[in-house]
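Okay, here's what each chain looks like letter by letter:
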Amino acid sequence: MSREAWVLVVLAAVAALATLVGAVLLAVRVVRTRRMLGALGVGGKVAFYGALIYTILPVDVLPDPIYLDDMGVLAGALIYLGRLAAKHRAAQRGLPDRSDTPPEPGRARRPVS
């Protein structure tokens, strides 16, 4: 093999390893959200289990050495689960929906930290 061919093989291997590491890290973050599934409802459970099943099963949109589709599904599930968790935390604290209505006359609005 020529030197250029070896360089291409090494670059391809590094790219494949980087996407594999990225997919594994996203899967770990999605699995860590599992503890909240009881509170997130059916949509959260479907997103969680659907993303994990898609990642584990060998049937993919792109062949398995290319983990970009798996990373996309995991990232989408993570974003969705994060939004559900934020809504759930806000509902538990009893925070009202943010509105642009001015405060009542005589009452100052306190900043939320």
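Please refer to the structure higher up on the page.
Residues numbered from 1 in each chain as written. Predicted model: local features only at pLDDT ≥ 70, side-chain atom pairs only at ≥ 80, totals over all residues. Heavy atoms only, no water.

1. Topic: the nonpolar core
No. 1: Of all hydrophobic cores here, the largest spans 15 residues; its most connected members are Val30, Leu40, Phe48, Leu74 and Leu81.
No. 2: Those elements that provide at least two residues to this core are helix H1 (3-32), helix H2 (37-56) and helix H3 (68-93). (Core = buried A, V, L, I, M, F, W, Y, C linked by side-chain atoms within 4.5 Å. Buried < 20%, exposed > 50% of the residue type's maximum accessible area, 1.4 Å probe, protein only. Helix = DSSP H or I, 4+ residues; strand = E, 2+ residues; numbered from the N terminus.)

2. Concerning H2
No. 1: Here H2 contains 20 residues, and its C-alpha end-to-end distance of 20 Å is more than 12% below the 28 Å for a straight helix at 1.5 Å per residue.
No. 2: Of all the residues in H2, the buried ones are Leu37, Leu40, Gly44, Ala47, Phe48, Ala51 and Leu52.
No. 3: Contacts from the buried residues of H2 go to H1 and H3. (Expected span 1.5 Å × (residues − 1). Contact = heavy atoms within 4.5 Å.)

3. Side note on H1
No. 1: The terminal C-alpha atoms of H1, which comprises 30 residues, lie 44 Å apart, in line with the 44 Å expected from a rise of 1.5 Å per residue.
No. 2: On its buried side, H1 packs onto H2 and H3.

4. Here's the deal with the environment of threonine 33
No. 1: Take threonine 33: it is sitting in the loop between H1 and H2.
No. 2: Along the chain, threonine 33 and leucine 81 lie 48 residues apart, while their C-alpha atoms are 7.5 Å from each other.
No. 3: Not counting chain neighbours up to four residues away, the residues in contact with threonine 33 comprise Phe48, Leu78 and Leu81.

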